[in-house]
Amino acid sequence: MALKYYLTVLSPPDRIDQKINAFKKACFNRIGNFQGMNSRAHITLDVIRDEVEPGAQKPKVIGHFYDMVDFIIRRTIAVHNIRVTGFNFFSHGPAFRTIYAEIELDKETSDWFTVIKDLLMIKKLHPHITIARKIPIEAFNTLWPHFVKINYRDEFLADGITVLEKEADTKFDSYKIYKKIPFDRKLAVA
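Now for a quick tour of the structure.

### Points about the pattern of salt bridges
Taken as a whole, this structure holds 13 salt bridges when the rule is applied. A salt bridge links K4 to E165; its shortest N-O distance comes to 3.5 Å. Residue K4 is found in strand β1 (residues 2-10), and its partner E165 is found in strand β7 (residues 160-167); the two are separated by 161 residues along the sequence. What makes E165 buried here is its relative accessible area of 17%. Here D154 and K19 are joined by a salt bridge, their closest N and O atoms 2.7 Å apart. A residue pair is termed long-range when its members are at least 10 positions apart, and D154 in strand β6 (residues 153-158) and K19 in helix α1 (residues 14-31) qualify at 135 residues. Taking the relative accessible area as the measure of exposure, D154 reaches 11% and is therefore buried. On the accessibility criterion, K19 (36% relative accessible area) is partly exposed. Several salt bridges converge on common partners, so that one network encompasses D67, D70, R74 and K179.

### Quick look at the sheet that holds strand β5 (residues 128-136)
On the basis of which strands lie adjacent, the open sheet formed by four strands has the order β5-β4-β3-β6 and antiparallel pairing. Lying at the two open borders of the sheet, with one neighbouring strand each, are β5 and β6. Across the sheet, the axes of successive neighbouring strands diverge by a mean angle of 30°, strand direction being ignored. Note that strand β4 (residues 96-103) and β5 share six bridges and pair antiparallel. Its bridge partner lying in β5, R97 is registered against I135. Packing of helix α4 (residues 137-148) onto the sheet brings it into contact with β3 (80-92), β4 and β5, and relative to β5 it is tilted by some 140°.

### So, unusual backbone geometry
Residues other than glycine seldom take positive phi values, yet M121 does so here, at roughly 60°. With respect to the secondary-structure elements, M121 resides in the loop between α3 (107-119) and β5. Residue classification places M121 among the exposed residues on the basis of a relative accessible area of 59%. Within the chain, K134 stands out as a residue other than glycine whose phi angle is a positive 45°. Mapping K134 onto the fold places it in strand β5.

### Looking at the packing of α1 against α4
For the pair α1 and α4, the least separation of the axes is 10 Å and the interaxial angle reads 135°. Of the possible angle classes, the one that applies to α1 and α4 is oblique. Once α1 is placed against α4, the crossing between them reads as right-handed. Between α1 and α4, the contacting residues are F23, C27, R30 and I31 on the first element and A139, T142, L143, H146 and F147 on the second. Tallied by class, residues from the contact of α1 with α4 come to six nonpolar, two polar and one charged.

Thresholds applied
Residues numbered from 1 in each chain as written. Predicted model: local features only at pLDDT ≥ 70, side-chain atom pairs only at ≥ 80, totals over all residues. Heavy atoms only, no water. Salt bridge = Lys/Arg side-chain N within 4 Å of Asp/Glu carboxyl O. Helix = DSSP H or I, 4+ residues; strand = E, 2+ residues; numbered from the N terminus. Buried < 20%, exposed > 50% of the residue type's maximum accessible area, 1.4 Å probe, protein only. Pairing = 2+ DSSP bridges. Axes fitted to C-alpha atoms, helices over the stretch in contact; angles between N-to-C directions. Contact = heavy atoms within 4.5 Å. Parallel < 35°, antiparallel > 145°, perpendicular 65-115°, else oblique. Left-handed = near helix turned anticlockwise from the far one by under 90°. Nonpolar A, V, L, I, M, F, W, Y, C, P; charged D, E, K, R; others polar.

Following this line, the structure appears as structure tokens:
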């Protein structure tokens, strides 16, 4: 039985992706290759592994789950304006750091993400857009002084979630779109 990974994300528009990729390219110019440097800008919501039926290549469990999620999201989750407010980092023990574009979590945005988190049954969620993922501390120490000086502010309308899929046993396979689920534009006006 084959396995696939399903990555659920919020995808910013191309203009945000281009800016984030410019930051990634600047990182590459200073530290060389790093994990995720070629990935499209996104806010990860969840990643799930599922078995795939051999002939049909359809997921056993995830397909039904996302059909239900689609039904609910289209009727209950409004589009939402997401604001990017500079940079921050995660520590992965003493030896690694992840630099990311920070999402402003005012009460309205925090509540909006909580509804999505609960609907998708996600245990933990810290919305952000990764720039340089799990880089060695030496590389971080080279990059971080530059990010501290940048006043990056931006915003975009989150208009739906995207579910991506890739083979679980193929390390260099890239994610492809499995399903797009739009948020309700009418609810935002109400």
